[in-house]
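# Architecture and fold: a report
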Amino acid sequence: MTPSWRLLFAWAWALPATVTGDHDSSRVCRALAETLPGFVAFPDTPAYEAHNAYWSARQSELRPACFVAPTSAQDVARAVRVLTKRGARFTVKGGGHTAFDGGSNMDAPGVTLDLAGLDSISVSADRRTVSVGAGNRWINVSEVLDPLGLAVVGGRVSTVGVSGLTLGGGISYFSGMWGWACDNVRNYEVVLASGELVNASPTVNADLFWALRGGGGSNFGIVTRFDLVSFEQGELWASTLVYPGTVTETLIPLVHDLLVRELPAAPAAHTFFVMAYVAALGGYLTLSDQFHARYSDILCPPAVFAPFHNATLPKLFVYTRLSTVSRLSLDIEQPRGMRQAWWETTVAATATPDLLLDIFSMWQDFVERLLATAAADDPTVTPFLIFHPIPLNVLGAMQVNGGNALGLEPEDGPIMIVQMNVLWTSAVLDDAIQDGLRDLVARVETLAASRGARQKNGYIYMNYAEKSQDVYAGYGEENLARLRSVARRYDPEGQLRRLWRGYFKL
Ligand SMILES: Cc1cc2nc3c(=O)[nH]c(=O)nc-3n(C[C@H](O)[C@H](O)[C@H](O)COP(=O)(O)OP(=O)(O)OC[C@H]3O[C@@H](n4cnc5c(N)ncnc54)[C@H](O)[C@@H]3O)c2cc1C
């Protein structure tokens, strides 16, 4: 490449997002319909409304100029060529589970590519690899694998998309043994900004393979197929315990103990811990969801979780069972169609549970303020605080195949992912809820820093983050520079950065 061409491409990469293009939405959609006849849905049609179904109401109230619904990788490539040639803005929907508006949908003149038609699933003859089309949801995968006695490191909730979860990381029932979903991809099939279809694996386009392992999709290309590692797996042991809010402060030290001591000794175990204020159920509740992939006695819990089952702890509900992945993922399905805000920060484990107890107390202050103001007008307002323990065994399992892009290493662990969510109905409350959560996250981060417990890089889990959070800064400077250089290599003109709206940009 001559120096002047290099300069031109460097300039193109640095262009602001407001670059001009063909924003006549009807022209772009007509061109797409000519290229992919029968696969473009226009407003006010049943097909359009079917594509415009999202988990969060903040997403489904957006109205793209049209939906494009490819059914093959070649169709995706054709659509990308039409969009980039015309400089038309677009976004991509996998399972559509992003909480914030614009994560995987957009208003006209933008166009949304819905990948739901990429729905193939096939198991290799040696049973070690499952090839999954990018439009699948986790229930589609587990319903194929359960009867075969196989599983993959995938999502825990049935309707969540394979694509978004795997590209951003992917916390799974099986993470204690094998790491996150992104650590268990053998190969990605990807449509690049140029429309070229390539593979990315440890031996082919290895830099792109590394970047896609947790680096998100929207900077690199549209993944059309994931080849996932599969393994033999029967039913899991699972227990759901719901406690009155009054015992939360007794339980949090047990959660801390799981993170620093118990889980590394029991890699087949997995858990998360939810604190919520549910007006319809009378106030504060706490839930411990526990899973064990190598245990089968439903009368006696595995030692790792035994303290939570202690008879002296008051419980509102206990449900212990052996279950397939499909049934488990249906059990913890979340309601659709509400307004949702998800925010996240990550703290390093401290020697005592005090930090977690103080975060709980800060969250309760936030809930009380919310109840006194916003929630008075909307009885559906439901705030959550969720602790996701990431013990050393998970961080260790993330280092296979050259490690992932997330910048999480065993020497900086263990860590606790702290998720702060609210669901509600009335759009009038959007700003108040978002301001309250932004302030809560800032206060939790300041508290953690004052105890020397901010995660080293300030890691924020992309898949639990709100759009204004600086996710990539938390991957660490070195990984961020490497991700940018991979994006430049595979999209030298910066077309995806300019045209693909939503989610997080490098
Ligand atoms: C009820 C619920 C349960 C959840 N459970 C878990 C869990 O157990 N573990 C966990 O780690 N996370 C979980 N999450 C978070 C989840 O990982 C994210 O919401 C994730 O983005 C969902 O993926 P999706 O494909 O459904 O989302 P989408 O909103 O469709 O996509 C997310 C992002 O990925 C991009 N994208 C989608 N498909 C592709 C593709 N093929 N190529 C390139 N980019 C693409 C989209 O443009 C968007 O930017 C859960 C979320 C919800 C709402």
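A brief look at the structure comes next. (Residues numbered from 1 in each chain as written. Predicted model: local features only at pLDDT ≥ 70, side-chain atom pairs only at ≥ 80, totals over all residues. Heavy atoms only, no water.)

## Let's talk about helix α5 (residues 73-85)
Here α5 spans 18 Å end to end across 13 residues, near enough to the 18 Å set by a 1.5 Å rise per residue. Listed in full, the buried residues belonging to α5 are Ala73, Asp75, Val76, Ala77, Ala79, Val80, Val82, Leu83 and Thr84. Directly beyond the C-terminal end of α5, a positive phi value near 60° is found at Gly87. (Helix = DSSP H or I, 4+ residues; strand = E, 2+ residues; numbered from the N terminus. Expected span 1.5 Å × (residues − 1). Buried < 20%, exposed > 50% of the residue type's maximum accessible area, 1.4 Å probe, protein only.)

## Some words on the pairing of strand β12 (residues 269-278)
Most of β12 sits inside the fold, with 10 of its 10 residues counted as buried. The antiparallel hairpin formed by β12 and strand β13 (residues 283-292) contains 4 residues in its connecting segment, where Gly282 sits at a positive phi of about 95°. Relative to strand β16 (residues 382-390), β12 is paired through 4 bridges, and the arrangement is antiparallel. For Met275, the partnering residue across the bridge sits in β16 and is Leu385. (Pairing = 2+ DSSP bridges.)

## Quick word on the site of the ligand
Taken together, 33 residues are adjacent to the ligand, and Val92, Thr98, Ser104, Arg156 and Tyr461 come closest. Here an oxygen atom of the ligand sits 2.7 Å away from a polar atom, N or O, in the main chain of Ile171. At the level of elements, β3 (90-93), α7 (162-168) and β10 (222-232) are the ones that each hand at least two residues to the shell around the ligand. The element that contributes the greatest number of residues to the shell around the ligand is α7, accounting for 4 residues. (Near = heavy atom within 4 Å. Polar contact = N/O pair within 3.5 Å; in protein donor to acceptor, adjacent residues only side chain to side chain.)

## Description of the state of the cysteines
Scanning all chains against the criterion turns up 1 disulfide. The disulfide partner of Cys29 is Cys66, and the gap between their sulfur atoms is 2.1 Å. A torsion of -90° about the S-S bond marks the disulfide between Cys29 and Cys66 as left-handed. Of the two residues, Cys29 is situated in helix α2 (residues 25-35) and Cys66 in strand β2 (residues 66-68); the sequence distance between them amounts to 37 residues. (Disulfide = S-S within 2.5 Å.)

## Remarks on the pattern of salt bridges
Applying the stated criterion across every chain yields a total of 23 salt bridges. A salt bridge links Glu232 to Arg127; its shortest N-O distance comes to 2.9 Å. Of this pair, Glu232 sits in strand β10 while Arg127 is found in the loop between β5 (121-123) and β6 (129-133), placing the two residues 105 residues apart along the sequence. A network of salt bridges, in which partner residues are shared, links Arg58, Asp101, Glu466 and Lys467. (Salt bridge = Lys/Arg side-chain N within 4 Å of Asp/Glu carboxyl O.)

## Some details on the packing of helix α10 (residues 248-262) against helix α12 (residues 354-372)
The interhelical angle for the contact between α10 and α12, taken along N-to-C directions, is 140°, at an axis separation of 9 Å. Here α10 is positioned oblique relative to α12, judged by the angle of their axes. Every pair of crossing elements has a handedness; the one defined by α10 and α12 is right-handed. Within the contact between the two elements, α10 uses Thr248, Glu249, Ile252, Pro253 and His256 and α12 uses Leu356, Leu357 and Phe360. (Axes fitted to C-alpha atoms, helices over the stretch in contact; angles between N-to-C directions. Parallel < 35°, antiparallel > 145°, perpendicular 65-115°, else oblique. Left-handed = near helix turned anticlockwise from the far one by under 90°. Contact = heavy atoms within 4.5 Å.)

## Remarks on the sheet that holds β3
The strand order β1-β2-β4-β3 describes an open sheet built from 4 strands, whose pairing is mixed. Of all the strands in the sheet, just β1 (40-41) and β3 have a single pairing partner and so form its edges. Pairing of β1 with β2, which is carried by 2 bridges, proceeds in the antiparallel orientation. Pairing of Val40 across the sheet is with Val68, part of β2.

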